[in-house]
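Analysis of the macromolecular model
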Amino acid sequence: MSDLKQTLKTKTVLTNFDIEAICKALNIPLVGSVTHMKDEIKSIKDGYYVMNLQNSDQYGSHWLSFLVKNKCVYYCDSFGMPPPKIEWDLFLKNGYNVYINYQQIQHIDSNLCGWFAVYFLFCMKYAKHKSMITRFQRYLQQWDEKNLRKNDKVKKIILSYL
């Protein structure tokens, strides 16, 4: 078992360092090789993003992720919320088509948002479907909508790939 996997087995809440290490191990190249706080993204380019909903002068609250590819943004917040205004304005100002997950897949009492953020990018990168829209839809279809606690399996899924 890898050292990273061993370290992560006991964690539920992921730090920015954990997320960056997992993405590196899974060969998911984050833009700038780092996670971002919401006020740190001033421009966007094609690539994989993990973002925290708080600003850089705050501690951090909730991780989400999005993929930018071919003038499209595939945005996934595990609570099913739309992008913050600053990102939404940035997407639209630059003429991107934005696809948003409005389906809540994380239980409100769960603290596995970092795991969901990483797994979304993993699915978008490695799914066998050519269409990015199909990848996005298939990602959402795998979750239990009635019993959100069942979706905590996301951690086990990620650990199985490390």
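Let me begin by describing the structure that accompanies this report. (Residues numbered from 1 in each chain as written. Predicted model: local features only at pLDDT ≥ 70, side-chain atom pairs only at ≥ 80, totals over all residues. Heavy atoms only, no water.)

**Here's the deal with the packing of helix α2 (residues 16–25) against helix α4 (residues 113–126)**
Put simply, α2 and α4 touch, their axes get as near as 11 Å, and they point 25 degrees apart. One element, α2, and the other, α4, form an angle in the roughly parallel class. For the element pair α2 and α4, the recorded crossing hand is right-handed. Where α2 abuts α4, its residues Ile 19, Ile 22 and Cys 23 lie against Gly 114, Trp 115 and Val 118. Taken together, the residues of the contact of α2 with α4 break down into five nonpolar, one polar and no charged. (Axes fitted to C-alpha atoms, helices over the stretch in contact; angles between N-to-C directions. Helix = DSSP H or I, 4+ residues; strand = E, 2+ residues; numbered from the N terminus. Parallel < 35°, antiparallel > 145°, perpendicular 65-115°, else oblique. Left-handed = near helix turned anticlockwise from the far one by under 90°. Contact = heavy atoms within 4.5 Å. Nonpolar A, V, L, I, M, F, W, Y, C, P; charged D, E, K, R; others polar.)

**Section: the sheet that holds strand β2 (residues 47–52)**
One open sheet holds the five strands; their spatial order is β1-β2-β3-β4-β5, and the pairing between them is mixed. Looking at which strands have only one partner, the edges of the open sheet turn out to be β1 (36–37) and β5 (97–100). By the bridge criterion, two bridges tie β1 to β2 in an arrangement that is parallel. From the neighbouring strand, Met 37 faces β2, where its bridge partner is Asn 52. Its contacts with the sheet place α4 against β2, β3 (63–69) and β4 (72–76), and it is angled at close to 20 degrees to β3. (Pairing = 2+ DSSP bridges.)

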